[in-house]
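Examination of the molecular architecture
Each chain is listed here by its residues.
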Amino acid sequence: MIRFDRVVKRFGDSVVLDELDFAVRPGERVTLIGPSGSGKTTILRLLMTLERVDGGTIHVGDECLTHVRRGERLVPADEKHLREVRKRIGMVFQQFNLFPNMRVLRNVTEAPVRVLGLPVAEAQQRARDLLEVVGLADKLDAYPTQLSGGQQQRVAIARALAMQPDVLLLDEITSALDPELAAEVLDVLRDVARTSDITMLCVTHAMKFARDVSHRVLMFDQGRVLEDKSPRELFERPEHERTRRFLRSVLEEA
Ligand SMILES: Nc1ncnc2c1ncn2[C@@H]1O[C@H](COP(=O)(O)OP(=O)(O)OP(=O)(O)O)[C@@H](O)[C@H]1O
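Residues numbered from 1 in each chain as written. Predicted model: local features only at pLDDT ≥ 70, side-chain atom pairs only at ≥ 80, totals over all residues.

Further remarks concern the overall build of the chain. From N to C terminus, the chain includes nine helices and 12 strands. Computed over the C-alpha atoms, the radius of gyration of the chain is 18 Å, within 12% of the 18 Å expected from 2.2 N^0.38 for a compact globule of 254 residues. Across its three principal directions, the C-alpha atoms of the chain cover 55 × 50 × 30 Å. Residues counted as buried form 37% of the 254 residues belonging to the chain. Long-range pairs, those at least 24 residues apart, make up 64% of the contacts in the chain with a sequence separation of at least 6. (Helix = DSSP H or I, 4+ residues; strand = E, 2+ residues; numbered from the N terminus. Rg over C-alpha atoms; globule rule 2.2 N^0.38 Å. Buried ≥ 20, exposed ≤ 12 C-beta atoms within 10 Å, placed from the backbone. Contact = placed C-beta atoms within 7 Å.)

The sheet built from six strands is open, its strands ordered 8-9-10-3-11-12 with mixed pairing. The two strands at the open ends of the sheet, each matched to only one other strand, are strand 8 (89-92) and strand 12 (224-229). When strand polarity is set aside, the average angle formed by the axes of neighbouring strands in this sheet is 20°. In this sheet, strand 10 (residues 199-203) lies alongside strand 9 (residues 167-171) in parallel orientation, the contact comprising five bridges. By the bridge assignment for strand 10, Val 167 is matched with Thr 199. Against the sheet, helix 5 (residues 149-162) touches strand 8 and strand 9, its axis set at about 175° to strand 8. (Pairing = 2+ DSSP bridges. Axes fitted to C-alpha atoms, helices over the stretch in contact; angles between N-to-C directions.)

Before going further, it helps to spend a moment on the site of the ligand. Every residue lining the ligand is accounted for by Phe 11, Val 16, Gly 34, Ser 36, Gly 37, Ser 38, Gly 39, Lys 40, Thr 41 and Thr 42. Broken down by element, the residue count for the shell around the ligand peaks at three residues, all from helix 1 (residues 40-47). Looking at the shell around the ligand residue by residue, the classes come out as two nonpolar, seven polar and one charged. (Near = placed C-beta within 6 Å. Nonpolar A, V, L, I, M, F, W, Y, C, P; charged D, E, K, R; others polar.)

Among the nonpolar cores identified, the biggest contains 65 residues, and Val 108, Ala 158, Leu 169 and Leu 201 are the most heavily contacted of them. Excluding anything up to four places from it in sequence, Ala 158 contacts Val 108, Ala 127, Leu 130, Leu 131 and Val 134. (Core = buried A, V, L, I, M, F, W, Y, C linked by C-beta atoms within 7 Å.)

Looking now at the pairing of strand 8. Both faces of strand 8 are covered, namely the face carrying Ile 89 and Met 91 and the face carrying Gly 90 and Val 92. As paired strands, strand 8 and strand 9 are joined by four bridges and run parallel to one another. Paired with Val 92 across the bridge in strand 9 is Leu 170.

So, on to the sheet that holds strand 4 (residues 55-60). Ordered in space as 2-1-4-5, the four strands form an open sheet in which the pairing is antiparallel. Each edge of the open sheet is held by one strand with a lone partner, namely strand 2 (14-24) and strand 5 (63-64). For strand 1 (residues 2-11) and strand 4, the ladder comprises five bridges, and the chain directions are antiparallel. Pairing of Arg 3 across the sheet is with His 59, part of strand 4. Strands strand 1, strand 2 and strand 4 of the sheet are contacted by helix 1, whose axis makes an angle of about 115° with strand 1.

Time to look at helix 1. Among the residues of helix 1, Lys 40, Ile 43, Leu 44, Leu 46 and Leu 47 are the ones counted as buried. Angular distribution of buried residues about the axis of helix 1 spans 160°; they occupy a single face of the element. Of the residues trailing helix 1, Thr 49 is marked for its positive phi of about 60°. (Arc of directions from axis to C-beta.)

The analysis is restricted to geometry; functional conclusions fall outside its scope.
Below, the structure written as structure tokens:
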């Protein structure tokens, strides 16, 4: 479903991803862990087309995200192509990023109506169903500022799912929340994971979530995959000293 082939990303002189290869199968839930600055968020931003690659290719489904074919040649993807691919990818950010001037229901219907051209009544039905799933059926008319952080993040999850994306990207979605609200959000995601076959790629420091929800955990260091294992194997039998050190530091923080 997601494939990185020899992806290079630089910021100035610093090479953040150096010929990175990895793949996520359809329906698989993969968590990226690793020290600060190892390139995890950059991977999600490349998938959201918020950044461009400096080398290599990225595929989502059958579609190449980074390039389009012009006759015999592959050329960098243009904005029109990116707009199309973006529709199939949902993202939830650390800072919720809801539309502050729109009520909850409208936050969730806005993109399906504007971007997918869904009739308003259908988008509203879809939004109501999803807001029920995330436990916010009684908050349809609230504005984001009237909600707790955990509730806002659950709206953001419903909003991403309303586009019925093939892939859901989650970037540190509980980092801005205190533990109780973070637990609420993670419970919702566990339900989503249990009841759908959406492909998920998560960056998180919440190791319990990584353990409960993911099929696979990739440990990153300096833009490379150091270990690629089931959560159980990675947490119980980390192969590299770097991984052991990282896991110890995260556990001490928690
Ligand atoms: N827009 C940018 N301009 C310059 N450097 C950047 C930019 N975005 C990221 N970097 C650098 O790229 C490296 C990887 O950053 P990235 O945010 O992907 O790491 P991360 O593993 O997600 O870290 P964290 O766990 O702290 O979020 C870092 O050294 C960072 O400073």
